[in-house]
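Spelled out, the chains give:
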Number of protein chains: 4
Amino acid sequence: MNIHSLVMADGSTREDKKECILSAALELFAEKGFHGTAVPEIAQKAGVAAGTIYRYFASKEAIVNAVYQRHKSQLLASVMADFPYDGNARAQVHHFIAATFGFAKKHPLAFKFLELHHHAPYLDDKSREVEQSVVAMANGFVEQHEHNKVLRKAPQGVLAGLVWGAMVGLIRAGWEGRCTELTPKAEIAFEEAIWDAVRRPDTT
Amino acid sequence: MNIHSLVMADGSTREDKKECILSAALELFAEKGFHGTAVPEIAQKAGVAAGTIYRYFASKEAIVNAVYQRHKSQLLASVMADFPYDGNARAQVHHFIAATFGFAKKHPLAFKFLELHHHAPYLDDKSREVEQSVVAMANGFVEQHEHNKVLRKAPQGVLAGLVWGAMVGLIRAGWEGRCTELTPKAEIAFEEAIWDAVRRPDTT
Amino acid sequence: MNIHSLVMADGSTREDKKECILSAALELFAEKGFHGTAVPEIAQKAGVAAGTIYRYFASKEAIVNAVYQRHKSQLLASVMADFPYDGNARAQVHHFIAATFGFAKKHPLAFKFLELHHHAPYLDDKSREVEQSVVAMANGFVEQHEHNKVLRKAPQGVLAGLVWGAMVGLIRAGWEGRCTELTPKAEIAFEEAIWDAVRRPDTT
Amino acid sequence: MNIHSLVMADGSTREDKKECILSAALELFAEKGFHGTAVPEIAQKAGVAAGTIYRYFASKEAIVNAVYQRHKSQLLASVMADFPYDGNARAQVHHFIAATFGFAKKHPLAFKFLELHHHAPYLDDKSREVEQSVVAMANGFVEQHEHNKVLRKAPQGVLAGLVWGAMVGLIRAGWEGRCTELTPKAEIAFEEAIWDAVRRPDTT
DNA sequence: CATGAATGAGTTTTCATTCAT
DNA sequence: TATGAATGAAAACTCATTCAT
């Protein structure tokens, strides 16, 4: 028994309860958006009283921001984990796509939430900071390989926007039934297509 | 004097007023989302009284659906207009991309609105139908050329999702300052990349 | 029919309704204080729906401030009206006391309200400004006559505090049944006592 | 922050804790009023848990009544202590004023609290009883000396209301910066003024 | 038809009180 | 006995919708 996870009456801990709230909020925000979700709804889905929410979060906005930061960081971590810094661009693209698809399949609600709440006006500075760091990393990667004549020459941001957009587009297509779920076959086809899109054409 | 454009006291017509409301709604919904926009706000921006809205639309949901259907159809029409049915796949891809970027640049609010309200729970059957017809057309196009061995082989929906997603990704990147505005140069680079992504690799 | 007092369905005007709200608020705030009064209570006593209040006032704080400013100004006006600027100090003291008691008898709730909300943290700058002007006037009066050796010498603010406090004390005593209602007899006795308190003793 | 917290660290007694709660409540109620103060706030300032409050007091109302009764009694005791029952009216007035001002200077929060919660609807019968006994004493004193032709003739309650009100007025003026703090000089001037107000005029 | 004041259910948030530990 | 997390009723405030004019 330690101060940071006191065990409660029902066997749950403080952290458990916060987790329940965050998880309920993720689900509802992903489904119905921020303004479309009422705090008591979150409370009910989390199995707590409405007032209890406010023992853990200062406001509804604080909840979205907590959810956003948590899952954006998770996504970033998923992509960064085992990233082949010393590999070639092809291997890095593979890792990036596989990691992103892996995250989207494992945490579809989180991915949906992140897409839906992207650049929302109620996100705070810290949330935007997390977002910025992801963008910066992507641009850095592209520029480095572009400069090394491995990637296609294109105005700043075009390749990054294309690749990220294409992945989101495919994942969304999966959710909405416009394509079969992300099978390994689909992933491979996608990856090859994207590689042909971004690599410098005169390269073999 | 005809039924569809009764002239009113102030010289305006029924259609004029409806137009004002739809245009105000488009702007606000694109900026602040459906739940983030109040009906009286729309009325004010449209220059009519709040109650007047309800002579033209049964509810707030009816407004958002009207806006969605109108601009989704417009987008579809833009892409279909002068479509080179008899041209080769390359020319068709060019037309598609140019038309879509053209629409996004000419009607940025409409494009933003459509992306933001994509698959929202308050969209009705008719809105979904419009969406479906767009998807069907895209898939038809892809399948035809895939079968003709012009396009890359990939599971159903992958190429369409990739291309559409990539375009949305680039346009968003422009809005959010992650890349320069959509210059002709950027469009050309994008188009070449996408063509390399979708064409059958062993084709020259 | 004029713009500033449009006649409504029930024959009432916009101003009438605002009046009802202010009057209901005065009564409740005087009785139960600011924090002790709920907005729906005000609405009910005013005979309007809770939401209607917010068509007339931006917030609960805006209501107290409107009530405060209105009645503080009225009190000031009552005291200033027909003030014998050219009379001697005795006549001025008489006028001041008579006018204040007159106000307190005619508008007991307003007087009670003003005493109860004196210097409350939710009063805004404008309310404080009104208060300041009253204090400044009182001090100016005292200093002038003190200097002319008509009034007793005392540190700044003592005589003003004493006189105002004494009046409030007597009025409160009346409310709380500690003395008979403010009969003319009581007023005369009070006035003579106060005059003996403030005049310079060696004066006859 | 309270003086009793150190004591509680080693062996805390029931009375110690009750003291802490009452002292915290006094401070907060005096500053922010009854409805403006939250029970958990009192608990925090008292250095106890919110639930603990309810082992000592049945409700928030019980706290405010306990505070009221305690300090009203204290004030009464301060005035009664060493009261010159055998002295003349002048000496008694002096004692009364000096004792009241002494209390107000020594326990400004208590004095402010008592003024602020005077006749509040949440005060119970016992609180009102304490208040009554003070009033009765004051009236008894006045009537006795009036009858002895020492004090001015005035309807029942007028002189008591005047004197008490004047004192409160002066003390408030001090709090609000309308006069210098209660210096001995100010007290003397006040006392002389009040004596001239209440004594029978034809008496020297 | 157009208006916009009025409505009241719904929103987010607070807080006096309880109760399992 | 003391705790403080949990509660849920009630607070202030918003807004989609109605309806008398």
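Every residue gets a number counted from 1 within its own chain, in the order that chain's sequence is written. Chains carry letters and ligands carry numbers; both start at the beginning, A for chains and 1 for ligands, and go up in the order they are written. Residue-level local features of this predicted model are given only where pLDDT is at least 70; pairs of side-chain atoms are given and counted only at 80 or more, and the full residue set underlies all totals for whole chains, interfaces and linings. To get the side-chain values, all heavy atoms of the structure are used, and hydrogens and water are removed first.

### Side note on the interface of chain A and chain B
Between chain A and chain B, the residue contacts involve 38 residues of the former and 37 residues of the latter. Here chain A packs against chain B, burying approximately 2900 Å² in sum over the two surfaces, 64% of which is carbon and sulfur. Throughout this description, the term salt bridge denotes a Lys or Arg side-chain nitrogen within 4 Å of a carboxyl oxygen of Asp or Glu. On the surface where chain A and chain B come into contact, there are four salt bridges. Of the charged contacts in the structure, one is a salt bridge between B:Arg172 and A:Glu115, with a shortest N-O distance of 3.2 Å. By the convention used here, residues are in contact when the closest approach between their heavy atoms is within 4.5 Å. Throughout, buried area stands for the accessible area (probe radius 1.4 Å) lost by two parts on being put together, summed over both.

### With respect to the interface of chain D and chain C
The partner chain C presents 38 residues to the 37 residues of chain D that form the contact. Summed over both sides, the interface of chain D with chain C buries roughly 2900 Å², with 65% coming from carbon and sulfur. Inspection of the region where chain D meets chain C yields four salt bridges. One salt bridge in this structure joins D:Asp196 and C:Arg152, with 2.6 Å as the shortest N-O distance. For this analysis, a polar contact is any N or O atom pair within 3.5 Å, provided that within protein one partner can donate a hydrogen and the other can accept it, and provided that sequence-adjacent residues contribute only side-chain to side-chain pairs. The interface formed by chain D and chain C holds six residue pairs in polar contact (both at pLDDT 80 or more) in total.

### Side note on the protein's contact with DNA strand E
Lining the immediate surroundings of DNA strand E are 35 residues, of which A:Lys60, C:Lys17, C:Arg55, C:Tyr56 and D:Val39 lie closest. Within the backbone of A:Thr37, one N or O atom sits 3.3 Å away from a phosphate oxygen of DNA strand E. For the surface near DNA strand E, the secondary-structure elements that each account for two or more residues are α2 (39-46) and α3 (50-56) of chain A, α1 (14-32) and α3 (50-56) of chain B, α3 (50-56) of chain C together with α3 (39-46) and α4 (50-56) of chain D. Put simply, DSSP H or I for four residues or longer makes a helix, DSSP E for two residues or longer makes a strand, and each gets a number counted from the N terminus. In terms of residue count, α3(B) provides more of the surface near DNA strand E than any other element does, five residues in total. Classification used: nonpolar for Ala, Val, Leu, Ile, Met, Phe, Trp, Tyr, Cys and Pro, charged for Asp, Glu, Lys and Arg, polar for all others including Gly. Its residues assigned to classes, the surface near DNA strand E shows 18 nonpolar, 10 polar and seven charged. For each residue, the test is whether any non-hydrogen atom lies within 4 Å of the molecule or strand; if one does, the residue is near.

### Looking at the relation of the copies chain D and chain C
Overlaid copies result from least-squares superposition on C-alpha atoms, with residues included only where pLDDT is at least 70 in both. When chain D is brought onto chain C, the operation consists of a screw motion whose angular component is 178° and whose axial shift is 0.1 Å, with 0.4 Å RMSD remaining. The symmetry that links the two subunits is that of a two-fold axis. Of all interface residues in chain D, 97% are interface residues in chain C too; the two copies therefore contact each other through one and the same surface.

### Concerning the relation of the copies chain A and chain B
The transformation that overlays chain A on chain B combines an axial shift of 0.0 Å with a rotation of 178°, and the residual RMSD is 0.4 Å. Counting the interface residues of chain A, we find that 95% of their copies in chain B are interface residues as well, pointing to one common contact surface.

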